[in-house]
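# Understanding the architecture of this molecule
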Amino acid sequence: MSSRRSFIKISALGIGGIAAAGGLSRLATGAVSGNASTEKIDSPEQNLHRTPTYCEICFWQCAGWVYKDESGNIKKIVGNDDDQHCNGRFCPRGTGGVGQYYDEDRLKTPLIRTTTDGKETFREASWDEALDYIAHRMQEIAAKHGPECIALFTHGSGGSHFGHMLKAFGSASITAPSFAQCRGPREVGFLTTFGDIIYSPERIDIRDTRCMVLIGSHLGENMHNGQVQEMSDAIDRGATIITVDPRFSTAASKSKYWLPIKPATDLALLLSWIHVLIENEWYDKAYVAKNTVGFEQLREHVRPFTPEWAYGITTIDPNVIVETAREMRNASPSVIINPGRHVTWYGDDTQRMRAVAILAALLGAWGRRGGYYQPEKLHLPSYPVPPFPVPRRQPTEAYGGKYPLANEVVSNGLCDATIPTVERSCSYKAWIVNGTNLLAAIPNQANTLKAIEALELLVVVDTMPVELTGYADVVLPECTYLERYDMLRNSNHRLPNLALRMPAVQPKYDSKPAEWIARELAAKLGLEAWFPWKNIEEMLDWQLKQMGTSLEEMQRLGVKNFPRENDDLYFNENEEAVFNTNSGKIELYSSDMENEGFAPLPVYTAHEEPPEGYYRLNYGRAPMHTFSRTANNPNLTDLMDENVLWVNPKVARLWGLKTGQMVKLKNQDGKQSTFAIKVRVTERIRWDSVYMVHGFGHNNPKLTRAFGRGVNDTELITRVHIDPVMGGTGMRGNFVTFITEFEPNGKEAEA
Ligand SMILES: Nc1nc2c(c(=O)[nH]1)N[C@H]1C(S)=C(S)[C@@H](COP(=O)(O)OP(=O)(O)OC[C@H]3O[C@@H](n4cnc5c(=O)[nH]c(N)nc54)[C@H](O)[C@@H]3O)O[C@H]1N2
Ligand SMILES: Nc1nc2c(c(=O)[nH]1)N[C@H]1C(S)=C(S)[C@@H](COP(=O)(O)OP(=O)(O)OC[C@H]3O[C@@H](n4cnc5c(=O)[nH]c(N)nc54)[C@H](O)[C@@H]3O)O[C@H]1N2
Ligand code: SF4
Ligand SMILES: [Mo]
C-alpha cells in the first residue's frame, strides 16, 4: 500500500534505539513482583517448581500448572485436575504454549512509526515515551472529536484491562471478533428463542448425552478441550453422533451418520427435521405444551418442508433425514443439536441458529440432562472505583439502525464507521487493538485497510509482529501469559469456579503485562482514580477475599470450584420454568424477530453457487493451531508448519492436479493469493468445494517460521454476506479457482 500508513516490516528498524530514561528502570519495578509463593514439587525428573496459570493459546482458557526447573527454565505445562474446562489435560496447543514464550521473533520493545529519509519505519522507544505519545494523541483526539471516537478491538485476557481504561476515558466502543466473526448468530438465535445465550464454554451436556448432532462443528479439529473429552466418552458409552458437514471431518469419522450436505443448505435440512418431528408427533408434547409459544404457527410453517423437498436442496437422502430424526427422538430429551461456535457463514446465520434452537426445544432438550444444562458463575465483585463517565455516544449509534438484535458490539460495524462518509458527523479516529490480528480475523481486508488509512492513531498491543502491527503508529509488546497476572477467570460452568493466572517467569525483553500497560497509560491520562490499586496482586487479593479465599490460597490451588447457589443444573420437573423472553416462554415463533421486521420463523433462502471452474472456499481448524496466532510457535510448527488445500479427486483430474503440487488461488473478484499452497487430493471434500485450515500464509517476514507458509484464507474472502439481524460477517460465500503456473514473485499465467 502506498499511503501514509504503509505496512512496515518490523525488522526495518530505523535509527533511534532505545530512548534511555524510564523504560528500563520501570522494567525492574514492573507488575511482576517475584514468585514468592512458587510451590516446590517433588518430581522424579528434577526439582521442579510450579505456578498456576490458565492457558491463552485459545479462548477455552484451561487452567494448568507451569513447571520450572531450579534455573527458572519452563519445562512443561500440564492441566489442573480440578479444572472443569480441561479435567487435568491440555490439548496439543496448550502443551506447546511455552513455545510462545521462547519464540525469538517476539516483539521486544515499544515501537513508534517515524519517517527517516522520506521512508516510513519504526524506531524503538522506551515505555515512558511510547505511552506519553499515545496519551498525548488520545487527548488531542478527545479534545477535537470527543473520547467516544476512540475504539478498542480486543480478543483475549488483555481486553478487560484496556476496556477498563477506555471506559474511564469516556468511550464504550469496545468490540471483539468473537461476536460478529464467530458466535454472534448463535447467541442471538438462542436469546430470541430461550431468552438466554449459550455461553463459553458452551452449556451442552455432552457428558450425559445420548445423541449429538454436529452441524459444521468439527469437534476434534476444533479443540474445545473438555467437550472433546466428553464426546469421546459419550461415543464409548454408545451415544449416537450425527455429523452434517460437506467435508469428512474427524468428527464425521467418529459418527454413526455422516451427512455430506451441499454447502450453504443447512437451513433446509433443519426445517425438514422440524417437519419430520412434528408430522410424526415425535416431539416432546408435554414439554412443548408447558414451555413454548408459537407451536401452531411453526407446524403450519414447516408443512411444505418434506424430506423430499430438502433432498432436492441438500442432496441428503430423504430416508436418512427421517432416520436421523428418529435417532434424535429416541434419545430425547438427552439430545444436543450442537450450536457450534464459528457460525458466521452465509449471512442468514441467525435464522439457521433459530432453527437449531427450535429443534432443541421440540426435543425437550433445553434444561434437561444430556441436553443443555443451566450453567452458573460467581458474582465476583469488582474492586471499587468511581462510576465511569457516561459516553456521549454509544457504539451502536455508529451503525445506526442496523443490526438491531446484536447483543454485543459489532466489530465490522465499528470498522465501517471509521471510514468517513457524508452522512456520519463523526467517524472513529483512533483504534487500540489488543490481541487480535484484524487483517486475519475480519474479512474484506481492503475495507479494514481503508478504515485503518482513515485513522489518526492506531495502537497495536501484541506479542508478535503480525500483519496488523505493520500498520500501527505505535506497537506495544505484551509479555506472554506465562509472564503475567491477569483478571481471574470466572466462567459459567456446571460448578461456579475461579482460576488464577500468575507469572511463572519474568517478562522477556522489554515486554509488559496488559494490566501494567493499561494502568500506566491511565495514569498519563489522569485516570488514576479508576486504577486505585497498588498493583494487580492487591486488586486480585481484594476480589478473592470477597469470595472467602485469597491470592495466597489461589496461588496454591490454581482453580477453586464453588457450590452452586441453586440446585437447578436441570429443570425441576415439578416447577414452572420462566424464560427471559417477551412471553416468558420458549418462543418457537419469535416476537423479537417479528418486532424488528425479521422472519419470526426461519425461512430458507438459496445462496449463490460457484461459477463454472470455481469452487467454494471452505476453511476450518487444525488441532495443533489456533487461528493465525500460533503459526510461528516453534513447538507447534514442528507439528504442522503450513496449511494444504483439500481437493476432490474429480476436480484434481479435471485440472491435472497432484498431491504435493503447489498452486495459487484466485477468487471470484480476481483477488489472488499472495503465496502458493500444496494440494492434497482427497475424497474427504466434496467436488464443489476446496478446504484449508485458517491462519496460515503470513506475509510479515519477521515471522521467520510462518512467513509465506501456505495461503491466508482471509485475503480470499472479499465478499461478505452480512447478517442483518446482528451484523455477523458471513464468510463462506467466496469461490476460488486454481492458478497452476506461476513464478514465485512474478506475473502469473493462468491454467
Ligand atoms: N478467514 C477467517 N476469518 C476468521 C475465522 C476463520 O476461520 N477464517 N475465524 C473467526 C473466529 S471464529 C474468531 S474467534 C476470530 C479470531 O480472531 P483473533 O483472535 O484476532 O485471531 P488471531 O488471528 O489468532 O489473532 C490473535 C492475535 O493476538 C496475538 N496474541 C496472542 N497472544 C497474545 C497475548 O497474550 N497478548 C496480546 N496482546 N496479543 C496476543 C497474536 O500474536 C495475534 O496477532 O477470527 C475470525 N475470523
Ligand atoms: N484447534 C483449534 N480449535 C479451535 C480454534 C482454533 O483456532 N484451533 N478456534 C476456536 C474458535 S474461536 C472457534 S469459533 C471454533 C470454531 O470451530 P467450529 O465451530 O467447529 O467452526 P468452523 O471452524 O467454522 O467449522 C468448520 C467446519 O464446518 C464445515 N462447513 C463448511 N461449510 C459448511 C456448510 O455449509 N454446512 C455445514 N454443515 N458445514 C460446513 C467445514 O467443512 C468444517 O469441518 O473452534 C475453536 N477451537
Ligand atoms: S483448549 Fe488447548 S489451547 Fe485452548 S485453552 Fe485449553 S489447552 Fe489451551
Ligand atoms: Mo471463534
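Note that this is a predicted model, so its numbers are computed, not measured. (Residues numbered from 1 in each chain as written. Chains lettered and ligands numbered in written order. Predicted model: local features only at pLDDT ≥ 70, side-chain atom pairs only at ≥ 80, totals over all residues. Heavy atoms only, no water.)

## Looking at the pairing of strand S3 (residues 63-68)
Burial runs high along S3: six of the six residues are buried. Residues Ala 63, Trp 65 and Tyr 67 point to one face of S3 and Gly 64, Val 66 and Lys 68 to the other, with burial holding for every one of them. Sheet topology places strand S2 (residues 48-54) next to S3; six bridges connect them, and they run antiparallel. Looking at S3, one finds that Arg 50 is bridged to Tyr 67. (Buried < 20%, exposed > 50% of the residue type's maximum accessible area, 1.4 Å probe, protein only. Helix = DSSP H or I, 4+ residues; strand = E, 2+ residues; numbered from the N terminus. Pairing = 2+ DSSP bridges.)

## Details of the sheet that holds strand S8 (residues 174-175)
Pairing within the open sheet is mixed, and its seven strands lie in the order S6-S5-S16-S15-S14-S7-S8. Whereas interior strands pair on both sides, the edge strands pair on one side only; in this sheet they are strand S6 (119-124) and S8. As judged from the five bridges shared by strand S7 (residues 150-154) and strand S14 (residues 430-434), these two strands associate in the parallel manner. Bridge pairing in S14 places Ala 151 opposite Trp 431.

## Remarks on the site of ligand 2
The environment of ligand 2 is formed by 33 residues, the closest being Asp 245, Asp 266, Tyr 346, His 625 and Arg 732. In this structure, a nitrogen atom belonging to ligand 2 sits 2.8 Å away from a main-chain N or O atom of Ala 622. Taking Arg 732, its side chain carries an N or O atom lying 2.6 Å from an oxygen atom of ligand 2. In isolation ligand 2 has 930 Å² of accessible area, and contact with the protein removes 99% of it. Considered class by class, the residues forming the shell around ligand 2 number 15 nonpolar, 10 polar and eight charged. (Near = heavy atom within 4 Å. Polar contact = N/O pair within 3.5 Å; in protein donor to acceptor, adjacent residues only side chain to side chain. Areas by Shrake-Rupley, 256 points an atom, 1.4 Å probe, with all protein chains shown as cover. Nonpolar A, V, L, I, M, F, W, Y, C, P; charged D, E, K, R; others polar.)

## As for the packing of aromatic side chains
Across all of its chains, the model carries 23 aromatic pairs by this definition. With a centroid separation of 5.8 Å and 35° between ring planes, the pair formed by Phe 190 and Trp 366 is classed as tilted. Taken as a pair, Phe 190 in helix H6 (residues 177-194) and Trp 366 in the loop between helix H14 (349-362) and helix H15 (411-416) lie far apart in primary sequence, 176 residues in all. Considering the side-chain rings of Phe 571 and Phe 579, the 5.8 Å spacing of their centres and the 75° angle between planes classify their relative orientation as edge-to-face. (Phe/Tyr/Trp six-rings, centres within 6.5 Å; stacked < 30°, edge-to-face > 60°.)

## A look at the environment of Ser 200
By secondary structure assignment, the location of Ser 200 is in the loop between H6 and strand S9 (211-215). Taking C-alpha positions, Ser 200 is 28 Å from Pro 260, a pair spaced 60 residues apart along the chain. Contacts of Ser 200, omitting those with residues within four sequence positions, involve Phe 59 and Arg 341. Polar side-chain contacts of Ser 200 include one of 3.2 Å to the side chain of Arg 341. (Contact = heavy atoms within 4.5 Å.)

## Section: helix H17 (residues 445-454)
For H17, every residue scored as buried is listed here: Gln 445, Thr 448, Leu 449, Ala 451 and Ile 452. One face of H17 carries all of its buried residues, which in axial projection span an arc of 155°. Away from its buried face by more than 90 degrees, H17 exposes Ala 446 and Lys 450. Structurally, H17 contributes buried residues whose contacts are with H15, S14, helix H16 (438-441), strand S15 (457-462) and helix H24 (713-716). (Arc of directions from axis to C-beta.)

## A closer look at H14
In a regular helix each residue adds 1.5 Å, so 14 residues correspond to 20 Å; H14 covers 20 Å between its end C-alpha atoms and thus fits that length. The element H14 is extensively covered by neighbouring structure, given that 14 of its 14 residues are classed as buried. Two residues or fewer after H14 comes Gly 364, characterised by a positive phi angle close to 65°. (Expected span 1.5 Å × (residues − 1).)

## As for the nonpolar core
Counting 74 residues, the largest nonpolar core has Trp 273, Met 328, Ile 337, Leu 362 and Tyr 372 as the members making the most contacts within it. Core analysis: the second largest hydrophobic core is formed by 50 residues, Ala 125, Leu 457, Val 461 and Leu 476 among them. (Core = buried A, V, L, I, M, F, W, Y, C linked by side-chain atoms within 4.5 Å.)

## Overview of the layout of surface pockets
The volume enclosed by the largest pocket comes to roughly 1,600 Å³. Gln 61, Gly 156, Ser 157, Ser 160 and Lys 377 are, among the 48 residues lining the largest pocket, the residues nearest its centre. Every element with two or more residues in the lining of the largest pocket is listed here: helix H5 (158-169), S8, H6, strand S17 (489-491) and helix H19 (536-546). With six residues, the single largest contributor to the lining of the largest pocket is H5. Residue composition of the lining of the largest pocket, grouped by class: 19 nonpolar, 19 polar and 10 charged. Reported here for the second largest pocket is a volume of approximately 720 Å³. The wall of the second largest pocket is formed by 33 residues, among which Arg 203, Gln 374, Asp 568, Phe 571 and Val 578 lie closest to the centre. Tallying contributions element by element places helix H10 (residues 285-291) first for the lining of the second largest pocket, with four residues. (1 Å grid on protein atoms, 1.4 Å probe; cavity = no way out; pocket = protein on both sides within 12 Å on 5 of 7 lines; lining within 4 Å. Points joined across faces, edges and corners; volume = space filled by probe spheres on them.)

## Topic: the sheet that holds strand S19 (residues 559-561)
With antiparallel pairing, the three strands of this open sheet are ordered in space as S17-S18-S19. This sheet does not close on itself; its edge strands, each paired only once, are S17 and S19. Within the sheet, the average angular offset between the axes of one strand and its neighbour, ignoring direction, is 15°. Both strand S18 (residues 497-499) and S19 contribute to a ladder of three bridges, which runs antiparallel. Counterpart to Asn 497 in the pairing with S19 is Asn 561. (Axes fitted to C-alpha atoms, helices over the stretch in contact; angles between N-to-C directions.)

## Observations concerning the pattern of salt bridges
According to the stated counting rule, one finds 52 salt bridges in the structure shown. Measuring nitrogen to oxygen at the nearest pair gives 2.8 Å for the salt bridge that ties Glu 148 to Arg 392. Taken together, the positions of Glu 148 in the loop between helix H4 (127-145) and S7 and Arg 392 in the loop between H14 and H15 put the pair 244 residues apart, joining distant regions of the chain. Note on Glu 148: relative accessible area 5%, which makes it buried. Among the residues examined, Arg 392 registers a relative accessible area of 61% and is labelled exposed. With a closest N to O distance of 2.6 Å, Asp 486 and Arg 484 form a salt bridge. (Salt bridge = Lys/Arg side-chain N within 4 Å of Asp/Glu carboxyl O.)

## Things to note about unusual backbone geometry
Residues Ser 200 and Pro 201 are joined by a peptide bond in cis, for which omega reads -5°. Its place among the elements puts Pro 201 in the loop between H6 and S9. Phi is positive for Gln 61, which is not a glycine, with a value near 55°. Here Gln 61 lies in the loop between S2 and S3. Positioned with a positive phi, Tyr 403 is a non-glycine residue whose angle comes to about 55°.

Remember, this is a structural readout, not a statement about activity or role.
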